[in-house]
Amino acid sequence: MSHHSRFSPRSVLFGGDYSPEQWPESVWREDLLLMREAGVNIVTLGVFSWGLLEVDDDRWDWDWFDRIIDLLSNEGISIDLATPTASPPIWLHREHPEILPVDRRGIRYHQGGRLQWCPSHPVWQRYARRIAERLGERYGAHPAVTMWHVSNELGGGNRRCYCTASTSAFRVWLENRYEHIDAVNSAWGTAFWGHRYRRFDDVTAPLDSESAQNPSLLLDFDRFSSDALLGQFRLERDALRDAGVTTPITTNLMVSPSGSVADYASWTDDLDVVAIDHYTIAEDPRRERELAFVASRTRGLDPSRPWLVMEHSTSAVNWQRRNAPKSPGEMIRNSLQHIAHGSDGALFFQWRASASGAEQFHSAMVPHAGRDSRQWREVVELGRRLAQLDELTGSLVERSEVAILVDDVSLWAWHAGQKPLHDHPIHEDARLWFDVLSARGFGPDVVPPSSDLAGRSLIVVPSLYLVTDTTAAAIEAAVRSGSTVVIGPLSGIVDADSRIRVGGYPGAFRDMLGVVGEELVPLLDGEQLLLSSGAQMADISARLRTTTADVVEVHRGGDLDGLPAITRRAVGAGAAWHISGLVGAGFDDLVDRITGDAGLARRLPTSDDIEAVRRVSADDSWLFLINHGTTDAVVPADGTDLISGECADGRFALSAGDVAVIRERVEKRATRPV
């Protein structure tokens, strides 16, 4: 891994996106006073400022930007300086409308939004490189600029472009991947419908053709689109480096349970710090669990170093169906949750709530109501708490014995083309495992399939539809070395080219599991399958027969009566379980049975409402305790709370809605953090 500059803040970072250009300079002075009051130590500057810096083609106005950078610097506030390519200026779209993306129907978008550019267009690339170079030349050596932030939420509005430049770039990408067009025809199975390609020039971006399209083509276009966005990051990063920038460079990823816009597992080597944006969903009654899942996915991208939450919200957002505000104390819990899971800071969008523009009702650190508000008082309180936690910067989340494998490319493959089951949110299967294992104190890690599986006692493979031969071999090797693996439904069905692994489901794991799935059995709405233990399956199961596996559960009643539903097979020093369908009622009991079989012991004092996460360094450990419930709790702990100063001697009283960070009294912890 080759990072140009190490991300190693001495303090927990606290601040947010700052847009002084939206306000008269008289407000800037107030901003600086309020930042001092809250304890802000970093702001992200310039994200949407391109049109105010380059006011016309190669005509620049730097004066106002110089002034605000100097004011922040004089206050001791460091700057995460953004390249402003998330929002091209009006004049650029006027003079070069060809850079605007084209949608799947072949219709070009119009000026007026953001991320309105095609990453493959050479005209766009020329202008993007120039703005990055100019910023790097002017501010690359400024002592207040401690980090750089390429663009904003790459792919958030332009994940795919179907213009002619994209088609040309896609052809080059395919030629680099496959070398010969016959390899494309083979990988995509183009004999179906007779869609054989004679040469790479026959291939186009998959524009809307009314009927279903080749899922392998769609998957490769998703891969290409991810690589094109990574190419945009590299273009701007390299422009900054060429201009003399030596400080860390990153961009804010959008990690999501439902499938990210890019294959971030392939991006991490290019990032000096993994940074994400995350916003909770107001309608999710256990949204704190979704936050924990996303944070675990983020640290799983590179467990060897801390990460950073670049954006989250103080309260309501503006883009959900109903934008409910956060409850009192929820923002503080959200922020400390991110830090518990390995972030070395808590940053927000944005510093001051906008009075105008598309996001005028998005909450901010300084709300429309100003200082005399609950929201501001909580921001100040959060700053006070974060200032107590500087000693844990650079530490890592303790490595878990349990790994849950999650892969964006697999999710793309599932959504590309027609499937047996279209309305099941397959991404939720991993979160279900995460929630239950977390509540039992196992603190699972959520990692991509390429991760090192050595030393894992339990590996969960929930609905991992696409599995490469390399991943399948690594999982079997881990099992033979003593791991327990659980292969969930819809896993291992297709290979890296999205071709069905014929011979019976789940193809990639069939021999290891000692089972053959003859057909998938999607269930109709409201239909349930009863198992011999009394548990139930919903949405999907499979007609399964065993070859060498032991039957753990069978179906009772219906067309699958008496057939295996859950199996187990001893493999080397480990065991391989298969769950043929989605278990509803009885899932908790099944998890208990599997974790008992794996010999797992609780390592964190969690419960339904108490979340616990441990960060560790070479010499110390810190136990985060977060009470998401409405009643006070007493939690096992031994040490001193960094926030309150209270001592815990085996037990710690944690009020409803509160958070403690216990520096643990331990001898040498026998733990392996990474």
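Residues numbered from 1 in each chain as written. Predicted model: local features only at pLDDT ≥ 70, side-chain atom pairs only at ≥ 80, totals over all residues. Heavy atoms only, no water.

Caption draft 1: Here's a closer look at the overall build of the protein chain. Along the protein chain, the regular secondary structure elements total 16 helices and 31 strands. With the C-alpha coordinates of the protein chain rotated into their principal frame, the extents come out at 75 × 75 × 45 Å. Going through the 674 residues of the protein chain one by one, you find that 60% of them count as buried. Expressed as a percentage of contacts within the protein chain between residues at least 6 apart in sequence, the contacts between residues at least 24 apart total 72%. (Helix = DSSP H or I, 4+ residues; strand = E, 2+ residues; numbered from the N terminus. Buried < 20%, exposed > 50% of the residue type's maximum accessible area, 1.4 Å probe, protein only. Contact = heavy atoms within 4.5 Å.)

Caption draft 2: Structural detail: helix α5 (residues 122–139). Here α5 spans 26 Å end to end across 18 residues, near enough to the 26 Å set by a 1.5 Å rise per residue. Among the residues making up α5, those that are buried are Val-123, Trp-124, Tyr-127, Ala-128, Arg-130, Ile-131, Ala-132, Leu-135, Gly-136 and Tyr-139. (Expected span 1.5 Å × (residues − 1).)

Caption draft 3: Seen up close, the layout of surface pockets. Approximately 990 Å³ is the volume attributed to the largest pocket. Forming the boundary of the largest pocket are 41 residues, of which Ser-256, Pro-257, Ser-258, Ile-281 and Glu-290 lie nearest the centre. Elements with a contribution of two residues or more to the lining of the largest pocket: α13 (428–439) and β24 (582–583). No other element matches the six residues that α13 contributes to the lining of the largest pocket. Tallied by class, residues from the lining of the largest pocket come to 17 nonpolar, twelve polar and twelve charged. (1 Å grid on protein atoms, 1.4 Å probe; cavity = no way out; pocket = protein on both sides within 12 Å on 5 of 7 lines; lining within 4 Å. Points joined across faces, edges and corners; volume = space filled by probe spheres on them. Nonpolar A, V, L, I, M, F, W, Y, C, P; charged D, E, K, R; others polar.)

Caption draft 4: Structural view of the pairing of strand β11 (residues 343–348). Burial analysis of β11 places six of its six residues in the buried class, which makes it a mostly covered element. Note: strand β10 (residues 307–311) against β11, two bridges, orientation parallel. Along β11, the bridge assignment pairs Trp-307 with Ser-343. Once the chain exits β10 it traverses helix α10 (residues 330–340) before rejoining the sheet at β11, and the crossover so formed is right-handed. (Pairing = 2+ DSSP bridges. Right-handed = clockwise from strand over helix to strand, strands pointing away.)

Caption draft 5: Inspection of the environment of Ser-343 at higher detail. Its place among the elements puts Ser-343 in strand β11. The exposure class of Ser-343 is buried, given its relative accessible area of 0%. Note: C-alpha distance between Ser-343 and Gln-360 (17 residues apart in sequence) is 28 Å. Apart from the residues within four sequence positions on either side, Ser-343 is in contact with Trp-307, Leu-308, Val-309, His-338 and Arg-615.

Caption draft 6: Region of interest: the sheet that holds strand β8 (residues 252–253). Taken together, nine strands build an open sheet; the order of strands is β7-β6-β5-β2-β1-β11-β10-β9-β8 and the sheet is parallel. Edge positions in the sheet fall to β7 (249–250) and β8, since each has one partner strand and no second. As judged from the two bridges shared by strand β6 (residues 145–149) and β7, these two strands associate in the parallel manner. When the sheet's bridge partners are listed, His-149 is paired in β7 with Thr-250. Seen against the sheet, helix α3 (residues 63–74) touches β1 (13–18), β2 (42–45) and β5 (78–82) and runs at an angle of roughly 170 degrees to β2. (Axes fitted to C-alpha atoms, helices over the stretch in contact; angles between N-to-C directions.)

Caption draft 7: Representation of the sheet that holds strand β18 (residues 528–531) within the structure. What the ten strands build is an open sheet, ordered β14-β13-β15-β16-β23-β22-β21-β18-β19-β24; its pairing is mixed. Each end of this open sheet is capped by a strand with a single partner; those strands are β14 (445–447) and β24. Of the pairings in the sheet, the one linking β18 to strand β19 (residues 536–538) comprises three bridges and is antiparallel in character. By the bridge assignment, Leu-529 is partnered in β19 with Met-537. Across the sheet, helix α16 (residues 587–597) lies against β15 (458–461), β16 (484–487), β21 (550–556), β22 (564–571), β23 (574–579) and β24, angled at about 165 degrees from β23, the strand it touches most.

Caption draft 8: Fine view of the nonpolar core. One finds Phe-65 and Leu-72 to be the most contacted residues of the largest nonpolar core, which totals 90 residues. Discounting residues that sit within four places of it in the chain, Phe-65 has contacts with Leu-45, Gly-46, Ser-49, Leu-53, Leu-81, Leu-135 and Tyr-139. Counting 35 residues, the second largest nonpolar core, distinct from the first, contains Val-521, Ala-565, Trp-577 and Ile-594. (Core = buried A, V, L, I, M, F, W, Y, C linked by side-chain atoms within 4.5 Å.)

Caption draft 9: Region of interest: empty space enclosed by the protein. All chains considered together, the criterion is met by eight cavities of 30 Å³ or more. Surrounding the largest cavity, 29 residues form its lining, Ala-292, Ser-438, Ala-439, Glu-611 and Ala-612 being those nearest its centre. Among the elements of the structure, α9 (287–301), α13 and β25 (610–616) are those that each provide at least two residues to the lining of the largest cavity. By residue class, the composition of the lining of the largest cavity is nine nonpolar, nine polar and eleven charged. Here the second largest cavity is characterised by a volume of approximately 120 Å³. Val-406, Leu-411, His-427, Ala-430 and Pro-462 are, among the 14 residues lining the second largest cavity, the residues nearest its centre. Residues belonging to the lining of the second largest cavity are distributed by class as follows: nine nonpolar, three polar and two charged.

Caption draft 10: Molecular detail of the confidence of the model for the protein chain. In this model, the protein chain carries an average pLDDT of 96, and 98% of its residues clear a pLDDT of 70 or more. Low pLDDT, under 50, characterises residues 668–674; the predicted model gives this stretch 20 contacts beyond four residues in sequence or across chains. (pLDDT = per-residue confidence, 0-100.)

Caption draft 11: Geometry of the pattern of salt bridges. According to the stated counting rule, one finds 55 salt bridges in the structure shown. A salt bridge links Arg-234 to Asp-270; its shortest N-O distance comes to 3.0 Å. In this pair, Arg-234 sits in helix α8 (residues 215–242) while Asp-270 sits in the loop between β8 and β9 (275–277), placing the two residues 36 residues apart along the sequence. Accessibility expressed as a relative area gives 35% for Arg-234, which makes it partly exposed. (Salt bridge = Lys/Arg side-chain N within 4 Å of Asp/Glu carboxyl O.)

Caption draft 12: Highlighting unusual backbone geometry. Going from Phe-349 to Gln-350, the amide bond is cis rather than trans, its omega being -5 degrees. Cis geometry marks the peptide bond from Tyr-505 to Pro-506; its omega dihedral reads -15 degrees. Here Pro-506 shows up in the loop between β16 and α15 (510–513).

Caption draft 13: Local environment of the state of the cysteines. Using the criterion set out here, one finds zero disulfides in the structure. Distance from the sulfur of Cys-161, which forms no disulfide, to the nearest cysteine sulfur (Cys-163) is 3.5 Å. (Disulfide = S-S within 2.5 Å.)

Caption draft 14: Here's a closer look at the packing of aromatic side chains. Under the criterion given, the structure shown has 22 aromatic pairs. Judged by centre distance (6.4 Å) and plane angle (70 degrees), the rings of Trp-173 and Phe-224 are edge-to-face. Of this pair, Trp-173 sits in helix α6 (residues 164–178) while Phe-224 sits in helix α8, and the two are 51 residues apart along the sequence. Exposure class is identical for Trp-173 and Phe-224. Each is buried. Here the aromatic residues Trp-60, Trp-62, Trp-64, Phe-65 and Tyr-139 are joined through ring pairs into a cluster of three or more. We note Arg-352 situated over the ring of Trp-23; from NZ or CZ to the ring centre the distance is 5.5 Å. (Phe/Tyr/Trp six-rings, centres within 6.5 Å; stacked < 30°, edge-to-face > 60°. Lys NZ or Arg CZ within 6 Å of the ring centre and 35° of its normal.)

Caption draft 15: Quick look at the environment of Tyr-178. Looking at the element boundaries, Tyr-178 is found in helix α6. Beyond its immediate sequence surroundings of up to four residues, Tyr-178 is in contact with Ala-183, Val-184, Ala-187, Trp-188, Asp-220 and Asp-497. A polar contact of 2.6 Å, which involves the side chain of Tyr-178, links it to the side chain of Asp-220. (Polar contact = N/O pair within 3.5 Å; in protein donor to acceptor, adjacent residues only side chain to side chain.)

Caption draft 16: Geometry of the pairing of β15. Here β15 shows two buried faces, one formed by Leu-458 and Val-460 and the other by Ile-459 and Val-461. Bridge count for strand β13 (residues 402–405) against β15 is three bridges, and the pairing is parallel. Across the sheet, Ile-404 pairs through a bridge with Val-460, a residue of β15. After leaving β15, the chain enters helix α14 (residues 469–480) and then returns to the sheet as β16, a path that is right-handed.

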